[in-house]
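The chain contents come next:
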Amino acid sequence: MTRQAAAVGRPSAAAARDAVPVDPRWRRQVYAVFAATGVAYLAVALTIPVLPQYVTGVLHGSADQVGWVMGSYTATAVLSRPFAGTLLSRVGPRPVLAGGMAVMAASTMAYSLAHSVPLLLVCRLLLGLGLGATLSAATVWMVTLAPPERQTWALGLVGLVNYLVLAAGAPFGGPLQQHFGDVTTWLIAGLTPLLALPLLLGAPSSKSGGTRRTGGGRDGSAFKATLLPGTAMALAAFGYAAVISFATSTLEQRGVGGAATVVTAYAVAMVAIRLLSSRLSWDFTSATGLAAVLLAELLGTLLIGAAHALPVALCGAALVAIGMAQSYPALGTLVVRATEDHQRGPALATYGASINIGIGVGNVVLGKAAHLAGNGAAFAAAAIAIAGGAALATVAARRHPLTTTPGG
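Computed from a predicted structure; not experimentally measured.

Section: the environment of Tyr-266
Mapping Tyr-266 onto the fold places it in helix 11 (residues 261–276). The spacing of Tyr-266 and Ala-321 is 55 residues in sequence and 5.8 Å in space, taken between C-alpha atoms.

Next comes the structure, spelled out in structure tokens:
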């Protein structure tokens, strides 16, 4: 580790005096919350390969209704996060996480009672409420448990859950439905969040839901603390939207074989980077670190947009993964530093919604650009958004560095 990185990774004397003692079992406790969240997320992963056919085959819905069913839960997941954050400050993360898991379980098992597309949509909207609360509580709890120098790593684990569980759980959804039928599949998927509840006993939960002091320059306002990092993250999410929504079709139009592997490569790279991030010594919450990873994402986006060969596109996907994998936890750590303990739950919950908002808005904006000027324009528009995100991220990083003076 370099001298500069070591200095950045070490709390100041003032921060050390104000810090809450770290439980030596903190790593095991973080992994307990991580495991519980992953098991609960199986309720989503196991149903993904089954729901589209269920909508069109059993409920006789249209392809358009498949899109609504599959995507509707994300809207309520975003809307529930700020409310969950406020609740976190009052009752602590354990009850909010347990409550979110219970809602996920009930809404998933209720698929068996949904004999029409509108009723299934109601179940999916309820699922989003539970998922938003679950992810918000898991984020705050893991950051609370980790020592200051490991909070960026803890934030990264939250995003890792989605990719790991989708990769491991989704392939089992189809065989489960084929062997046991739709109703049993919904019941099994719905039971998984309940099976996760005992894992929550492995970590302590404080009522404040706050975290230890790690830096200065706080204004105490959840909105102000989230504004710059959240906007930067929303703009960075345009790169993800470009890869997921436009990479395959763009490459297929150019006659590139194996175009779909670009999305797979992105997901694999995300998991690998998150798993390896604990071994990296560079402080990605610094202005230099954030600028570097977001510029890598920008370059990757442009590479995919210009690619006429699969290796070039795969390289671009890996670079986009670097940007997304490192920027989300790094920008979230800036939110942690900028807020007082009692505001940290609402701030992190609002920040967590920023990436979903960015993906949603990004898909609309990039789709418009592709319609007007072709798919290449979508990647150019994404690169412009990422550049704006990088600029905002560096400003936020300079406002809330890790080390502070004693008066900070």
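Right, picking up where we left off after that structure.
Describing helix 4 (residues 51–58)
Regarding helix 4, the residues found buried are Leu-51, Tyr-54 and Val-55. Looking straight down helix 4, one finds its buried side chains confined to an arc of 100°; they lie on one side. For helix 4, the elements touching its buried residues are helix 5 (63–91), helix 7 (117–145) and helix 9 (182–196). In the stretch just after helix 4, His-60 is the one whose phi turns positive, near 60°.

Focus on the side chain of Thr-301
With respect to the helices and strands, Thr-301 occurs in helix 12 (residues 287–306). Ignoring any residue separated from it by four or fewer positions in sequence, one finds Thr-301 in contact with Gly-239, Val-320, Phe-379, Ala-382, Ala-383 and Ile-386.

A look at the packing of aromatic side chains
Counted according to the given criterion, the structure contains seven aromatic pairs. A centroid spacing of 5.4 Å and a plane angle of 80° characterise the contact between Tyr-111 and Trp-186, whose relative ring orientation is edge-to-face. Separated by 75 residues along the polypeptide, Tyr-111 in the loop between helix 6 (93–109) and helix 7 and Trp-186 in helix 9 bring together distant segments of the chain. On the basis of relative accessibility, which here comes to 0%, the residue Tyr-111 falls in the buried class. You can call Trp-186 buried: its relative accessible area is 0%. Note that Arg-27 overlies the ring of Trp-153, its terminal NZ or CZ placed 5.5 Å from the centroid.

Quick word on the packing of helix 4 against helix 5
Two numbers describe how helix 4 lies on helix 5: the axes approach to 9 Å, and their chain directions differ by 140°. Here helix 5 runs oblique to helix 4, going by the angle between their axes. Judged by the twist between their axes, the crossing of helix 4 over helix 5 is right-handed. Facing helix 4, whose interface residues are Leu-51, Pro-52, Val-55 and Thr-56, helix 5 presents Gln-65, Val-66, Val-69 and Met-70.

Section: helix 8 (residues 151–180)
The terminal C-alpha atoms of helix 8, which comprises 30 residues, lie 42 Å apart, in line with the 44 Å expected from a rise of 1.5 Å per residue. At Leu-166, helix 8 is deflected by roughly 35°, the largest bend along its length. Where helix 8 terminates, the next one or two residues include Gly-181, which has phi positive at roughly 90°.

Points about unusual backbone geometry
Phi is positive for His-60, close to 60°, though the residue is something other than glycine. Within the secondary structure, His-60 sits in the loop between helix 4 and helix 5. For His-60, a relative accessible area of 67% puts it in the exposed group.

A word on the environment of Gly-190
Looking at the element boundaries, Gly-190 is found in helix 9. With relative accessibility at 0%, the residue Gly-190 sits in the buried group. Put simply, Gly-190 and Ala-40 are 150 residues apart on the chain and 8.7 Å apart in space, counted from C-alpha to C-alpha. With sequence-adjacent residues up to four places away left out, Gly-190 is seen in contact with Ala-105, Thr-108 and Met-109.

Some thoughts on the environment of Leu-187
Position of Leu-187 relative to the elements: it lies in helix 9. The exposure class assigned to Leu-187 is partly exposed, which follows from its relative accessible area of 35%. C-alpha of Leu-187 to C-alpha of Ala-105: the two residues are 82 residues apart in sequence and 8.6 Å apart in space. Those residues within four positions of Leu-187 in sequence are excluded, and the remaining contacts are Met-109 and Ser-112.

Focus on the nonpolar core
Core analysis: the biggest nonpolar cluster contains 109 residues, and Leu-120, Met-142 and Tyr-266 have the highest contact counts within it. Setting aside anything within four residues of it in sequence, one finds Met-142 in contact with Val-30, Val-33, Phe-34, Ala-154, Leu-157 and Val-158.

Some words on the side chain of Arg-124
Mapped onto the secondary structure, Arg-124 falls in helix 7. A polar contact is formed between the side chain of Arg-124 and the side chain of Tyr-111, at a distance of 3.0 Å. For Arg-124, the residues in contact, after removing those within four places along its chain, are Thr-47, Leu-51, Val-69, Met-70, Ser-72, Tyr-73, Thr-76 and Tyr-111.

Description of the confidence of the model for the protein
Looking at the protein as a whole, its pLDDT mean stands at 83, while 87% of the residues score no less than 70. Across residues 208–220, confidence stays below pLDDT 50; counting only partners more than four residues off in sequence or on other chains, it has 64 contacts. Confidence over residues 404–408 falls short of pLDDT 50; this stretch has eight contacts with residues more than four positions distant or in other chains.

Comments concerning a nonpolar patch on the surface
Together, Val-103, Val-122, Leu-126 and Leu-129 make up a nonpolar patch on the protein surface, roughly 290 Å² of accessible area in all. For the nonpolar patch, the element with the highest residue contribution is helix 7, accounting for three residues. Within the fold, Leu-129 resides in helix 7.

Criteria and thresholds
Residues numbered from 1 in each chain as written. Predicted model: local features only at pLDDT ≥ 70, side-chain atom pairs only at ≥ 80, totals over all residues. Heavy atoms only, no water. Helix = DSSP H or I, 4+ residues; strand = E, 2+ residues; numbered from the N terminus. Buried < 20%, exposed > 50% of the residue type's maximum accessible area, 1.4 Å probe, protein only. Arc of directions from axis to C-beta. Contact = heavy atoms within 4.5 Å. Phe/Tyr/Trp six-rings, centres within 6.5 Å; stacked < 30°, edge-to-face > 60°. Lys NZ or Arg CZ within 6 Å of the ring centre and 35° of its normal. Axes fitted to C-alpha atoms, helices over the stretch in contact; angles between N-to-C directions. Parallel < 35°, antiparallel > 145°, perpendicular 65-115°, else oblique. Left-handed = near helix turned anticlockwise from the far one by under 90°. Expected span 1.5 Å × (residues − 1). Bend = angle between axes of the 7 residues up to and from the residue. Core = buried A, V, L, I, M, F, W, Y, C linked by side-chain atoms within 4.5 Å. Polar contact = N/O pair within 3.5 Å; in protein donor to acceptor, adjacent residues only side chain to side chain. pLDDT = per-residue confidence, 0-100. Patch = residues over 30% accessible without salt bridge, like charges linked within 9 Å, V, L, I, M, F, W, Y side chains within 5 Å. Areas by Shrake-Rupley, 256 points an atom, 1.4 Å probe, with all protein chains shown as cover. Salt bridge = Lys/Arg side-chain N within 4 Å of Asp/Glu carboxyl O.

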